[in-house]
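Reading the structure
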Amino acid sequence: MHIVLARRGDGGVTASELDAAGMVHREVDLDGDGLFAYVQAHEPTDVQADAPEQSRPRWVWSSTAQWYPALLAAGVRVERCVDLVLSRRILRTSVLTAGSELAREPASGWDSTVVAAPQASPQAPALFDVDAPVVAAPLDPVREFQSQLAAIAGATQPGRIRLLLAAESAGALVAEEIRFMGMPWREDVHDRVLTEALGPRVAFGRHPARLEALAARVRELLDAPTLNPDSQTELLAALRRVGLDVTSTRKWELRELDHPVIEPLLEYKSLYRLFTANGWAWLEAWVHDGRFRPDYVVGGVVTGRWATSGGGALQLPKNIRRAVVADDGWKLVVADASQLEPRVLTGLAGDRAMADAGRGRDLYDAVVSAGVVASRHEAKVAMLGAMYGATTGDSARLKPRLTRAFPQAIALVDEAAAEGERGEQVVSRLGRTSPRPGESWREVQQRASEPGASAVDERRARSRARDWGRFTRNFVVQASAAEWALCWMADIRLRLRELGDGSLENAPHLVFFLHDEIMVHTPEQYADHVAEIVRESARTAGRLLFGTFPVDFPLTVAVVDTYADAK
């Protein structure tokens, strides 16, 4: 059963209950409190009950980031939803639905609505009181949903796209629940980490003692008493004055240089990054009441990976992880998928040799044992190079060996690259489709094909084509890996609802996600059960994407008191 929620001009809400054909058979007008009661009354009280599918609601709304925070604040959880903005973005760009009226229609307000999660706040949001823009009133969510249903029904492979939309919408629910509950965060531990690394906290606008000391040492060694080491322009000039041939101040380039300044300079850059990205200002802005609330943007990357609109949840340095501490009587279950992208590539290509190599063991070690390369490092370099399109160095040298061992897997990414070089689109396992190259790309290719094109024109066209080919080569793998992760989290979320009293506050719940890693905060008595749920959900995600094809998705799972102990 689908129930479409729409905001009325008077501030109320209309709930449109749809029949199996997607037509409205009943409308209910609600105010804010009435909405909470209405949703709660329709949600199944026991997700394990054998309720028929048609009686279990799937809430349809413009955007989960706009609707769900207020429901969560009122103590209302939903099992399933359809996020119209996220779904439309996929349906309008997927080659599986390219023939639909939805894909061909002119852009509308639905397309211009960019939905971001609300900023972290210690206050519970009121109904619709979020920073994300609200879809304008004239836009009709019932009509939009019906258009989306028609696009799915007419898709070349409706099962694939239907699963992708369900996973994307489930991911939106996960993101909002994580933001609402937050990661347990010890402010005193965070402060101690900063003080140990940087020295005591100083007034705004000043640098801590350790940074000041390192800056002074860098100035002395470069004979630059007025140098601002935070300025790349000044730092490059100072390094060149002492005879260092540098083109950037990136760490990897600096490490190649031989000069006494390099060691203190690298330490300064590392500590400056900690100070600016996760220092005291970050702590005050993002941690409230013992919780850090990651600010995820679902599908924020073109491959379907998540992004953040603030807070840096996708880049938590190892030393800061000491501050992520489970509540008393609770545990953290931290799990990450081992070599996720190579295993997804295995399933995409149906490469049985690669599947056999990685079954029940580390895939890179298996490549070494098979005699393909000499070391685990070489195996990793070769595999990542094949997926990311490396053309020089060890990656290029080792690729022929990898091709002989796993021809189907390498052929799949090579073909994806060739399609990209021709300006064609490629598709993920479930139907997410890469964008077409931009107008400037096409102009460069056209210029190179015209009579009288110069050698420079031809080289530029080949270079741009190869660049786009590297993007499409990785797109098929990264986008499909993002789909696996969505299915993994969606299944974990549903299984966790079966534990405890079903509430977020008193039962195990997801509190973190990073590409191939999740964290669950759980009462201690459920910790072992949660660890098994996480493993079983990984197997379920593999079956959803690849059916019976025998590709393993092993996990590293740790039950710990603090995130820093997980790895």
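Definitions and cut-offs
Residues numbered from 1 in each chain as written. Predicted model: local features only at pLDDT ≥ 70, side-chain atom pairs only at ≥ 80, totals over all residues. Heavy atoms only, no water. Helix = DSSP H or I, 4+ residues; strand = E, 2+ residues; numbered from the N terminus. Buried < 20%, exposed > 50% of the residue type's maximum accessible area, 1.4 Å probe, protein only. Contact = heavy atoms within 4.5 Å. Areas by Shrake-Rupley, 256 points an atom, 1.4 Å probe, with all protein chains shown as cover. Lys, Arg positive; Asp, Glu negative; His and termini not counted. Charge placed at Lys NZ, Arg CZ, Asp CG, Glu CD. Core = buried A, V, L, I, M, F, W, Y, C linked by side-chain atoms within 4.5 Å. Pairing = 2+ DSSP bridges. Axes fitted to C-alpha atoms, helices over the stretch in contact; angles between N-to-C directions. Parallel < 35°, antiparallel > 145°, perpendicular 65-115°, else oblique. Left-handed = near helix turned anticlockwise from the far one by under 90°. Domains from an automatic or database assignment. Buried area = accessible area lost by both parts, 1.4 Å probe. Salt bridge = Lys/Arg side-chain N within 4 Å of Asp/Glu carboxyl O. Polar contact = N/O pair within 3.5 Å; in protein donor to acceptor, adjacent residues only side chain to side chain. Nonpolar A, V, L, I, M, F, W, Y, C, P; charged D, E, K, R; others polar. Disulfide = S-S within 2.5 Å. pLDDT = per-residue confidence, 0-100.

**As for the overall build of the protein**
- In terms of regular secondary structure, the protein is built from 22 helices and 14 strands.
- Seen through its principal axes, the protein has C-alpha atoms that stretch 80 × 65 × 50 Å.
- Counting every position in the protein, which comprises 567 residues, the buried fraction comes to 53%.
- Of the contacts formed within the protein by residues at least 6 apart in sequence, a portion of 67% connects residues at least 24 apart.
- Summing over all exposed atoms, the protein offers an accessible surface of approximately 24,900 Å²; the carbon and sulfur share of this is 49%.
- Charge centroids of the protein, computed over 66 positive and 76 negative side chains, lie 6 Å from each other.

**Notes on the nonpolar core**
- The biggest cluster of nonpolar side chains holds 89 residues, and the ones touching the most others in it are Trp185, Trp484, Trp488 and Ile518.
- Here this core takes 9 residues from helix H21 (residues 455-496), the largest share from any one element.
- When residues no more than four places from it in sequence are discounted, the contact partners of Ile518 are Val333, Val334, Ala335, Trp488, Met489, Ile492, Leu510, Phe512, Phe513 and Val534.

**Here's the deal with the sheet that holds strand E11 (residues 330-337)**
- Spatial ordering of the open sheet is given by E12-E13-E11-E14, a layout of 4 strands whose pairing is antiparallel. A strand with exactly one partner marks an edge of an open sheet, and here the two such strands are strand E12 (509-514) and strand E14 (555-560). Each strand of the sheet is rotated relative to its neighbour by a mean of 15°, with strand direction disregarded.
- Packed onto the sheet, H21 meets E11, E12, strand E13 (517-523) and E14 and runs at close to 170° relative to E12.

**Focus: the packing of helix H20 (residues 439-449) against H21**
- Across the interface, H20 lies against H21 with an axial gap of 8 Å and an inter-helix angle of 140°. On the basis of their axis angle, the class for H20 and H21 is oblique. Note that H20 runs across H21; the crossing there is left-handed. Between H20 and H21, the contacting residues are Ser440, Trp441, Val444, Gln445, Arg447 and Ala448 on the first element and Asp457, Glu458, Arg460, Ala461, Arg464, Ala465 and Trp468 on the second.

**Regarding the sheet that holds strand E4 (residues 58-61)**
- The 5 strands are arranged E3-E2-E1-E4-E5 in an open sheet whose pairing can be described as mixed. Lying at the two open borders of the sheet, with one neighbouring strand each, are strand E3 (24-30) and strand E5 (81-83). Between one strand and the next, the sheet's axes are offset by a mean angle of 25°, whatever the strand orientation.
- Here strand E1 (residues 2-7) runs beside E4; their pairing, made up of 3 bridges, is parallel. Note on E4: the bridge partner recorded for Ile3 is Trp59.
- Each of E1, strand E2 (13-18), E4 and E5 is contacted by helix H2 (residues 64-73), which is oriented at about 125° to E4, the strand it contacts most.

**Some words on the domain arrangement of the protein**
- The assigned domain composition of the protein is domain 1 (1-181), domain 2 (187-286) and domain 3 (341-476).
- With both sides pooled, the region where domain 1 packs onto domain 3 buries about 740 Å², and carbon together with sulfur makes up 55% of that total.
- It is Val95, Arg160 and Leu164 that lose the most area in domain 1 upon contact with domain 3, and together they represent 59% of the buried surface on that side.
- Arg432 serves as the salt-bridge partner of Glu168, at 2.8 Å between the closest nitrogen and oxygen.
- Where domain 1 packs against domain 3, one counts 5 residue pairs in polar contact (both at pLDDT 80 or more).
- Looking at the side of domain 1 that touches domain 3 element by element, the count peaks at 5 residues for helix H7 (residues 158-181).
- Broken down by class, the residue content of the side of domain 1 that touches domain 3 amounts to 6 nonpolar, 2 polar and 2 charged.

**Overview of the pattern of salt bridges**
- With the rule as written, the count across this model stands at 37 salt bridges.
- Of the charged contacts in the structure, one is a salt bridge between Glu105 and Arg88, with a shortest N-O distance of 2.8 Å. Remark: Arg88 occurs in helix H3 (residues 84-93) and Glu105 occurs in the loop between helix H4 (101-104) and helix H5 (109-112); sequence separation between them is 17 residues.
- A residue is classified by how much of its surface remains accessible, and Arg88, at 2% relative accessible area, is buried.
- Two residues, Arg305 and Glu341, come together in a salt bridge whose shortest N-O distance is 3.3 Å. Taken together, the residues span a long stretch of sequence, with Arg305 in the loop between strand E9 (296-297) and strand E10 (307-308) and Glu341 in helix H14 (residues 340-349) at a distance of 36 residues.
- Here Arg305 falls in the partly exposed class, since its relative accessible area comes to 23%.
- Connected via shared salt-bridge partners are Arg88, Arg92, Glu105, Asp111 and Glu144.

**Considering the environment of Val13**
- Structurally, the position occupied by Val13 is in strand E2.
- Looking at Val13, the relative accessible area reads 0%, which means it is buried.
- Separated by 154 residues in the primary sequence, Val13 and Ala167 place their C-alpha atoms 26 Å from one another.

**Side note on the state of the cysteines**
- Tallied over the full model, the rule gives 0 disulfides.
- No disulfide involves Cys81; its nearest neighbouring cysteine sulfur is the one of Cys487, lying 14 Å away.
- The exposure class of Cys487 is buried, given its relative accessible area of 4%.

**A few points about the side chain of Asp336**
- For Asp336, the position within the fold is in strand E11.
- Look at Asp336 and you get buried, because its relative accessible area is 16%.
- Those residues in contact with Asp336, other than ones at most four positions away along the chain, are Asp516, Glu517, Pro554, Leu555, Thr556 and Lys567.

**Focus on the confidence of the model for the protein**
- Of the residues in the protein, 93% have a pLDDT of 70 or more, and the chain-wide mean is 91.
- When the elements of the protein are averaged for pLDDT, H5 gives the smallest value, 87, and strand E6 (residues 183-184) the largest, 98.
- In this model residues 115-137 is a low-confidence stretch, pLDDT under 50, and it forms 59 contacts with partners more than four residues away in sequence or in other chains.

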